[in-house]
Amino acid sequence: MRLSNLADYAVVMLAAAARAGSARLNATCLAEQTGVPLPTVQKLVGRLAGAGLIVSSRGTGGGFHLARSPENISLADIVEAVEGPIAMTACVEQGRHDCALETDCRVKPHWGAVNDALKGALGGVSLAQLAMPAPIVRETNVIEVLS
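Note that this is a predicted model, so its numbers are computed, not measured. (Residues numbered from 1 in each chain as written. Predicted model: local features only at pLDDT ≥ 70, side-chain atom pairs only at ≥ 80, totals over all residues. Heavy atoms only, no water.)

Caption draft 1: Here's a closer look at the environment of aspartate 77. Residue placement: aspartate 77 occurs in helix 4 (residues 75-83). A distance of 3.1 Å separates polar atoms of two side chains, one belonging to aspartate 77 and the other to arginine 68. Side-chain polar atoms of aspartate 77 contact the backbone nitrogen of serine 74, separated by 2.9 Å. (Helix = DSSP H or I, 4+ residues; strand = E, 2+ residues; numbered from the N terminus. Polar contact = N/O pair within 3.5 Å; in protein donor to acceptor, adjacent residues only side chain to side chain.)

Quick look at the structure:
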């Protein structure tokens with residue numbers, strides 16, 4: 001499983017917004033800060049606002065900011081805002097019955113648990129965690145003494 005570029009870019013954008021705190025951001029500034037192309041930032045701002053993750057306003061003094069604290073926005077929230085509901089297979093999506101194996105599938109009853117585990121893992125990572133600087137990993141020199 002791999003996130004789409006749009007979902008990845010949304011995470012990058014919201015992490016930058018989280019680091020900005022209560023400052024109001026605009027799409028141009030965010031594109032410059034993150035390297036995400038401006039048209040993509042503009043597209044994602046609409047989706048993220050529609051999902052209630054950011055509050056956006058137009059005009060002089062416009063821009064956007066996070067709708068909730070970074071601790072209260074999960075990676076699952078961001079992914080679902082861009083990709084839609086998290087569903088590992090078609091058979092865990094509400095109302096979908098387009099699998100040719102559905103009537104005789106012995107694995108289908110288990111996909112719900114797998115899907116819930118994935119959604120739980122993504123839900124357990126907050127935007128606050130994603131906005132923190134990466135830890136510095138230092139190489140250690142190990143000297144082996146031979147006797």
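Further notes follow.
Caption draft 2: The side chain of serine 126, seen in detail. Following the sequence through the fold, serine 126 ends up in the loop between helix 5 (108-123) and helix 6 (127-131). Leave out the neighbours within four places in its chain, and serine 126 touches Pro70, Glu71, Ile73 and Ser74. (Contact = heavy atoms within 4.5 Å.)

Caption draft 3: Here's a closer look at the pairing of strand 1 (residues 54-57). When strand 1 meets strand 2 (residues 63-66), the two strands line up antiparallel, connected through four bridges. Each bridged residue has a counterpart across the sheet, and for serine 57 the counterpart in strand 2 is glycine 63. Hairpin geometry of strand 1 and strand 2 is characterised by an intervening segment of five residues between the two adjacent antiparallel strands and by a positive phi of about 90 degrees at glycine 59. (Pairing = 2+ DSSP bridges.)

Caption draft 4: Structural view of helix 4. Among the residues of helix 4, Leu75, Ala76, Ile78, Val79, Ala81 and Val82 are the ones counted as buried. Tucked inside the fold, the buried residues of helix 4 contact helix 1 (5-19), helix 3 (38-50), helix 5 and helix 6. Looking one or two places after helix 4, you find glycine 84, whose phi comes out positive at around 95 degrees. (Buried < 20%, exposed > 50% of the residue type's maximum accessible area, 1.4 Å probe, protein only.)

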